[in-house]
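The residues making up each chain are set out below.
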Amino acid sequence: MRAMRAETFSGYQGLKLIELPKPAVTKGKVLVRITAAGVTPLDHTILSGQFHGSKPPLVLGNEGAGVVEEGGGTDFPVGSRVMFFGTYGAFEDGTDSEWVAVRKEDLCLIPDNVDDVSAAGIPVAYLTAQVALTLAGFRAGKTVLAPAIGGSIGNAVTQLARALGAKHAMSSTTNHAKAEQAKALGFNEVIDTSLEKLADGVRRITSGYGADIVIDGIGGEVLSEALGALALEGSLITLGYSASRKTTIDVTNLIVPQASIRGLNMFAQPKAAITDAWKVIVSLLKAGAIKPIVAKTFPLAEAAGALRYLIEGRPFGRVVLTI
Ligand SMILES: NC(=O)c1ccc[n+]([C@@H]2O[C@H](COP(=O)([O-])OP(=O)(O)OC[C@H]3O[C@@H](n4cnc5c(N)ncnc54)[C@H](OP(=O)(O)O)[C@@H]3O)[C@@H](O)[C@H]2O)c1
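Residues numbered from 1 in each chain as written. Predicted model: local features only at pLDDT ≥ 70, side-chain atom pairs only at ≥ 80, totals over all residues. Heavy atoms only, no water.

*Asks:* Looking at this structure, I do not really get the sheet that holds strand β11 (residues 190–192). What am I missing?
*Replies:* Two strands in a sheet stick together by hydrogen bonds in their backbones, pointing the same way (parallel) or opposite ways (antiparallel). A sheet is described by the order of its strands in space; here six strands give the open sequence β11-β10-β9-β12-β13-β14, paired in parallel fashion. Across the chains shown, the open sheet's two edge strands, defined by having one partner strand only, are β11 and β14 (260–263). Averaged over all pairs of adjacent strands, the angle between strand axes in this sheet comes to 20°, irrespective of strand direction. Strand direction decides the pairing type here: strand β12 (residues 211–216) and strand β13 (residues 230–238), joined by five bridges, are parallel. Directly across from Val214, in β13, lies its bridge partner Leu236. Against the sheet, helix α7 (residues 220–227) makes contact with β9 (143–145), β12, β13 and β14, and its axis sits at roughly 160° relative to β13, the strand it touches most. (Pairing = 2+ DSSP bridges. Helix = DSSP H or I, 4+ residues; strand = E, 2+ residues; numbered from the N terminus. Axes fitted to C-alpha atoms, helices over the stretch in contact; angles between N-to-C directions. Contact = heavy atoms within 4.5 Å.)

This is how it looks when you write it as structure tokens:
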């Protein structure tokens, strides 16, 4: 089978299209013919040699969608469409390939109203977003900020918070054109940080109240600005570093509102947290209350270009490989 493998963790040129044996189906695993694979910043972190625990050679791709060929039993009959995320593409070979033997517990049936390309970009973003909201104690009526409306996490948190009854589901972008695009797509609480500071935008939208919950995948100055937007007893969950792993914070942004900050690692989640998150996500997908956004697809052979487009082009929506 064809697979796009990182032979070395030395940047884009480390990726090579190669032939590998089709995986064997062992107990508890389901053979899935991959139709589409989501491209994520994790691929870039690994390919740059900056992710703990990953070792080359490694087929990248942390999430995907496809069709069950064998081993799914009655839960996932042959021919059923599935999507999944797990340690694939990080600690074992991933979804940038024609087949993957997937642990049954990682699979989720794709609702009929969602196509494979959209489905491939759902697991990482939406599971992370839902797990983060739960961890932060989200309930209807809360005010939520998730920076970067065009990014996968920012968009998924905003869509979920809105669908689940947030009083305000706010996001941001550093790019004026993306702010306009967001408005056209119906995201009405997006702060254009080329015009206004993040915390000022949050105070304006919430009439001075602030954000009960911030879910941040950007790090750097965005994280430090977002801390200044927290409401009394608010909490910020840091889970990514698209801008930077490092930042400086004003500690009074935590002290004065008695706010808190904590981290989230999706590879360390208990199974029950993922199962519960899938239930919420699938029901909102079926109801059409959340709608995954795909910016562009690339064929498997152009995986390097796809990743470069995600990281350097900063598109609005997901980048997906068609296999
Ligand atoms: N902890 C976990 O388990 C976990 C799970 C999932 C993801 N993550 C991490 O979370 C982070 C976000 O993932 P994602 O999929 O949402 O990324 P993404 O789709 O690539 O979006 C990132 C967004 O960040 C903004 N950005 C990029 N560089 C920036 C900079 N220098 N300054 C300010 N904003 C910048 C851009 O928005 P604008 O151009 O609109 O400003 C961009 O669209 C990544 O680091 C990812 O690895 C971690």
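*Asks:* Could you clarify how one ought to interpret a nonpolar patch on the surface in this entry?
*Replies:* On the surface, Ile249, Val251, Ile255 and Val256 cluster together into a nonpolar patch covering about 370 Å² of accessible area. For Val256, the location among the structural elements is in the loop between α8 (252–255) and β14. (Patch = residues over 30% accessible without salt bridge, like charges linked within 9 Å, V, L, I, M, F, W, Y side chains within 5 Å. Areas by Shrake-Rupley, 256 points an atom, 1.4 Å probe, with all protein chains shown as cover. Salt bridge = Lys/Arg side-chain N within 4 Å of Asp/Glu carboxyl O.)

*Asks:* Looking at this structure, I do not really get α7. What am I missing?
*Replies:* Each full turn of the α-helix corresponds to 3.6 residues, which orients residues three or four apart in the same direction. For α7, every residue scored as buried is listed here: Gly220, Leu223, Ala226 and Leu227. Down the axis of α7, the buried side of the element spans an arc of 130°, and every buried residue falls inside it. Along its buried surface, α7 packs onto β9, α6 (198–205), β12, β13, α8 and β14. (Buried < 20%, exposed > 50% of the residue type's maximum accessible area, 1.4 Å probe, protein only. Arc of directions from axis to C-beta.)

*Asks:* What exactly am I supposed to notice about the sheet that holds strand β2 (residues 15–19) here?
*Replies:* The antiparallel open sheet is built from three strands, whose spatial order is β2-β1-β4. Two strands lie at the open edges of the sheet, namely β2 and β4 (58–59), each paired on one side alone. Looking at chain direction, strand β1 (residues 2–6) and β4 are connected through two bridges and run antiparallel. Across the sheet, Ala6 pairs through a bridge with Leu58, a residue of β4.

*Asks:* Quick question: what am I supposed to make of the packing of aromatic side chains here?
*Replies:* Think of a pair of aromatic rings as described by two things: how far the centres are apart, and how the planes are tilted against each other in angle. By the definition in use, this model includes seven aromatic pairs. When the centroid spacing of 5.9 Å and the interplanar angle of 40° are considered together, the rings of Phe51 and Phe91 count as tilted. Of the two residues, Phe51 sits in the loop between α1 (41–47) and β4 while Phe91 sits in the loop between β6 (81–85) and β7 (99–103), which places them 40 residues apart along the sequence. By relative accessible area, which is 13% here, Phe51 ends up buried. On the accessibility criterion, Phe91 (39% relative accessible area) is partly exposed. Ring centres of Phe187 and Phe316 lie 6.5 Å apart, and the angle between their planes is 35°; on these two criteria the pair is classed as tilted. Here the residue Phe187 occupies a position in the loop between α5 (176–184) and β11, and Phe316 occupies one in the loop between α10 (303–313) and β16 (318–322), the gap between them amounting to 129 residues. The same class applies to Phe187 and to Phe316, which are both buried. (Phe/Tyr/Trp six-rings, centres within 6.5 Å; stacked < 30°, edge-to-face > 60°.)

*Asks:* I keep staring at the side chain of Thr128 and nothing clicks. Help me out?
*Replies:* Structurally, Thr128 is set in helix α3 (residues 123–135). Those residues in contact with Thr128 that sit more than four places away from it in its chain are Pro123, Ile153, Leu239, Leu264 and Met266.

*Asks:* How do you make sense of the pairing of β6 when you look at a structure like this?
*Replies:* Regular strands have side chains that alternate between both faces of the sheet. Here β6 lies mainly inside the structure; four of its five residues are buried. Looking at chain direction, strand β5 (residues 63–70) and β6 are connected through five bridges and run antiparallel. Across the sheet, the residue bridging to Glu63 is Phe85, located in β6.

*Asks:* Whenever I open this one, the site of the ligand confuses me. Can you help?
*Replies:* The local shell around the ligand holds 23 residues, among which Ser152, Thr173, Thr174, Lys178 and Met266 are the closest. In isolation the ligand exposes 920 Å². Once the protein is present, 84% of that is buried. For the shell around the ligand, the elements supplying multiple residues, two or more each, are α3 and α4 (152–163). Grouping the amino acids of the shell around the ligand by side-chain chemistry returns twelve nonpolar, nine polar and two charged. (Near = heavy atom within 4 Å. Nonpolar A, V, L, I, M, F, W, Y, C, P; charged D, E, K, R; others polar.)

*Asks:* Is there a simple way to explain the packing of α3 against helix α9 (residues 271–286) in this structure?
*Replies:* Two quantities define a packed helix pair, namely the angle between the axes and the distance from one axis to the other. At a closest axis distance of 9 Å, the pairing of α3 and α9 adopts a crossing angle of 105°. If you check the angle between α3 and α9, you find them roughly perpendicular. For the pair α3 and α9, contact is made by Pro123, Tyr126, Leu127, Gln130 and Val131 and by Ala273, Ile274, Ala277, Trp278, Val280 and Ile281, respectively. Looking at the contact of α3 with α9, its residues break down into ten nonpolar, one polar and no charged. (Parallel < 35°, antiparallel > 145°, perpendicular 65-115°, else oblique.)

*Asks:* Would you take a moment to explain α4 for this structure?
*Replies:* Counted at 1.5 Å a residue, the expected span for α4 with its twelve residues is 16 Å, and the 16 Å between its end C-alpha atoms agrees. α4 sits mainly inside the fold: nine of its twelve residues count as buried. Considered for burial, the residues of α4 that qualify are Ile153, Gly154, Asn155, Ala156, Val157, Thr158, Gln159, Leu160 and Ala161. Buried positions along α4 lie against α3, β9, β10 (168–173), β12 and α9. Gly165, located one to two residues past α4, shows a positive phi value of around 95°. (Expected span 1.5 Å × (residues − 1).)

*Asks:* Teacher, can you tell me more about the pattern of salt bridges here?
*Replies:* Side chains bearing opposite charge may pair, as long as their charged atoms lie close to each other. Taken as a whole and judged by the stated rule, the model has twelve salt bridges. With a shortest N-O distance of 2.7 Å, Glu7 and Arg5 are connected by a salt bridge. Glu7 sits in the partly exposed class, given a relative accessible area of 29%. We classify Arg5 as buried; its relative accessible area is 18%. Among the charged side chains, a network of salt bridges with common partners joins Lys22, Arg33 and Glu69.

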